[in-house]
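Here are the chains, one letter per residue:
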Amino acid sequence: MSTPTKAVVLAAGLGRRLGLGDAKPLIPVAGKPILFRTLENLAAAGVREVVLVVGHLADEVRSAVGEEFAGLDIGYVESDAYRTTNNAYSLWLAHKHLDQDVYLVEGDVVFDGELLGRLAAADGEAVTAVAPYRREMDGTVVTLDADETVSAMILPAQQERGSDLTQTYKTVNVHLLRERYLREEFVPGLGSLIAGGGHNAYYELVIAETVAAGRFPVSGVNCGDLRWYEVDDLTDHSAAEYLFRGSDDRLEMLQGLYGGYWRYDLVDHRLLYNLYFPPARLIDQLMEDFRETLVHYPVGHRALQSLLGAAIGQPSDRLVVANGASELIKILGGLLGRVALVVPGFNEYEAVFTEQDIHRIRLPAPAFTMDPAAVAEDALRAGVATVIITSPNNPTAMAVPRADLVTLARLLADGGIRLVVDESFVDFCEPGHSLEPDLAELPGLTVIKSMSKVYGIGGLRLGYLASADLDFVADVRAGLPIWNVNGLAERFLRLLPRYQDAFAASCEQVRRDRDELAAWLTELPGLTVYPPDANYVMVRLPEGASALAVVRRVFAEHGILVKDCGGKSMPDGDRYLRVACRTPQENRRLVEALAAVLGVAVAAPAAGGAS
């Protein structure tokens, strides 16, 4: 089939959902405006003439593109009603240009140029690019026959709520319409649609009627292996940015997000959470009251403390419930004054205190173990009021023996120094490790816990502080707003006591998977694996290996995200990786990816292990 030399690009839209002041087609994706990329793709495909239908900020588009772009002759049709009409009317304004084979492209779609060549090579008078359905994308979908002919085209208004679209294909909104189809079917149909008052309709209605009537076969070309994205809102824009960036730029983008990695095509061995909790029944119960939870105010501190106390077996007056442990850490940064931080540890503590208020007590490398007497002596000599330590440690994953923490708390208390222990990962230790049962006997002790991590509810943001020093608890609580925890998190706390057995079982499963991961990592020559007590493992890379370089290659070549420890307060941090434990299958893939990047052999999994 011949390649079209003409294209019509619909570029009149407002882009309200993007909330930006620029013309929607000029929004950059990976450093290049969407429209520029489209025009360059069309030029590379053999197109010589492009008609742009413009409306919103039309002068801005004209100024940016001009009368000639990338060797293309550019013409313009301006919509006088772009605010109150849809793409059927925009296209009707350009119907005189639908006089020969033409590519029809919507101006908010960013795509690989190869897509146009696939359309040109396809049989048929009408050809549309499609890709397997993805639930995050709204819009028209199609079903395909065995010969890739469109058997049904289902517009958004025809998609019933809750309908199963998993076997359909999403339209990419790039079409090739041949001259005969345009003359005999599409242009007359478009004219009838507008004459009947369809100014606010979609032009896909005409193609859908073609499919239903069977007068012209419409070919669907599967372009799911190519990069493309329709940019309607900021979530779409972020996804498109990720898709069209280079690997290192993708990694930098993700690191700046601090979460939300599930939206991207990767395996996340960076963020730390429990994959086996909450169970499905608990999630179902959260959803049962979702509307009420959404629209009504949550309860205040006192009720939240009681709910949490019932779940963890602590008197409520000892507790402060927060929007994640990070909220508590921020309050401590303004409350504690000069502190000693046992490092390496959770970087958030270093971030909330000024440098002059931090005295670092460094765990000696390469063992990173703590001597309670040495830490207490160092703290007393430094004249600090508080010592903060993370156990299990982040990033080493090793827990300080419980007896050593009790000893440290008593030594510090004798010197009038408070001990804050961050136990965010303590539930992944063997049972009985937490210091919470000793709060009354150790009045200088404060425990901080991130429930988000151990209960697998990062999106809810729950954490707490526990101490038998009720005056200190009151001071921390005073730093919170009245409503700091949302209604869904409150509902979770109400349900949690019913699921203590399920939670214990989930932690046991994490321990099994983690130990298996550590054993597999130990098989890699040159790798030093630290015995983990948390749901992650820290490894020291072989001599000469750079953690950042390994992170980049594992991500670029295997789609796996891990964390380098270069930003941690530890010697040779750029030689260490922290890898989160996931499912056995994903853990095995990670080990194989590390072996490939490091150029070492990996042993076959033991009998009964995952592959």
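Here goes a summary of the coordinates provided. This structure is a prediction, so every number in the text was calculated from the model and none was measured. (Residues numbered from 1 in each chain as written. Predicted model: local features only at pLDDT ≥ 70, side-chain atom pairs only at ≥ 80, totals over all residues. Heavy atoms only, no water.)

## Here's the deal with the nonpolar core
Then, number 1: Counting residues in hydrophobic clusters, the biggest one holds 66 residues, and the most contacted among them are V387, L419, Y455, L462 and F492.
Then, number 2: The biggest single contributor to this core is helix α15 (residues 402-414), with five residues.
Then, number 3: Among residues more than four places away in sequence, those in contact with F492 are F277, P278, L282, L286, Y455, I457, L460 and L462.
Then, number 4: Among the nonpolar cores identified, the runner-up in size contains 48 residues, and I34, V47, L226 and F244 belong to it. (Core = buried A, V, L, I, M, F, W, Y, C linked by side-chain atoms within 4.5 Å. Buried < 20%, exposed > 50% of the residue type's maximum accessible area, 1.4 Å probe, protein only. Helix = DSSP H or I, 4+ residues; strand = E, 2+ residues; numbered from the N terminus. Contact = heavy atoms within 4.5 Å.)

## Things to note about a nonpolar patch on the surface
Then, number 1: On the surface, a cluster of nonpolar side chains totalling about 470 Å² of accessible area is made up of I283, M287, F290, L294 and V295.
Then, number 2: The greatest single-element share of the nonpolar patch, amounting to three residues, is contributed by helix α10 (residues 290-295).
Then, number 3: Mapped onto the fold, F290 is located in helix α10.
Then, number 4: For F290, a relative accessible area of 35% puts it in the partly exposed group. (Patch = residues over 30% accessible without salt bridge, like charges linked within 9 Å, V, L, I, M, F, W, Y side chains within 5 Å. Areas by Shrake-Rupley, 256 points an atom, 1.4 Å probe, with all protein chains shown as cover. Salt bridge = Lys/Arg side-chain N within 4 Å of Asp/Glu carboxyl O.)

## Regarding the sheet that holds strand β18 (residues 358-362)
Then, number 1: Read from one edge of the open sheet, seven strands run β16-β22-β21-β20-β19-β17-β18, paired in mixed fashion. If you trace the sheet from one side to the other, it starts and ends with β16 (319-322) and β18, each paired once. In this sheet, neighbouring strand axes are inclined to one another by 20° on average, regardless of whether the strands run parallel or antiparallel.
Then, number 2: Pairing of strand β20 (residues 418-422) with strand β21 (residues 445-450), which is carried by four bridges, proceeds in the parallel orientation. Across the sheet, residue V421 finds its bridge partner in β21, namely V447.
Then, number 3: Contacts from helix α17 (residues 470-477) reach β16, β20, β21 and β22 (463-467) within the one sheet, and its direction differs from that of β22 by about 155°. (Pairing = 2+ DSSP bridges. Axes fitted to C-alpha atoms, helices over the stretch in contact; angles between N-to-C directions.)

## A short note on the packing of aromatic side chains
Then, number 1: Under the defined criterion, the tally for this structure stands at 14 aromatic pairs.
Then, number 2: Plain terms: the ring middles of F346 and Y349 are 6.1 Å apart, the flat faces sit at 80° to each other, and that makes the pair edge-to-face.
Then, number 3: Look at F346 and you get partly exposed, because its relative accessible area is 25%.
Then, number 4: Ring centres 6.1 Å apart and planes at 50° place the aromatic pair Y530 and Y576 in the tilted group. Here Y530, found in the loop between β23 (528-529) and β24 (536-540), pairs with Y576, found in strand β27 (residues 576-580); they are 46 residues apart in sequence, far enough to count as distant. Taken individually, Y530 and Y576 each receive the classification buried, so the pair is uniform in this respect.
Then, number 5: By the ring-pair criterion, three or more aromatic residues cluster together here, those being F277, Y455, F492 and F503.
Then, number 6: Between the NZ or CZ atom of R578 and the centre of the ring of Y536, over which it lies, the distance is 5.8 Å.
Then, number 7: Over the ring of W520 we find R588; its NZ or CZ atom is 4.9 Å from the centre of that ring. (Phe/Tyr/Trp six-rings, centres within 6.5 Å; stacked < 30°, edge-to-face > 60°. Lys NZ or Arg CZ within 6 Å of the ring centre and 35° of its normal.)

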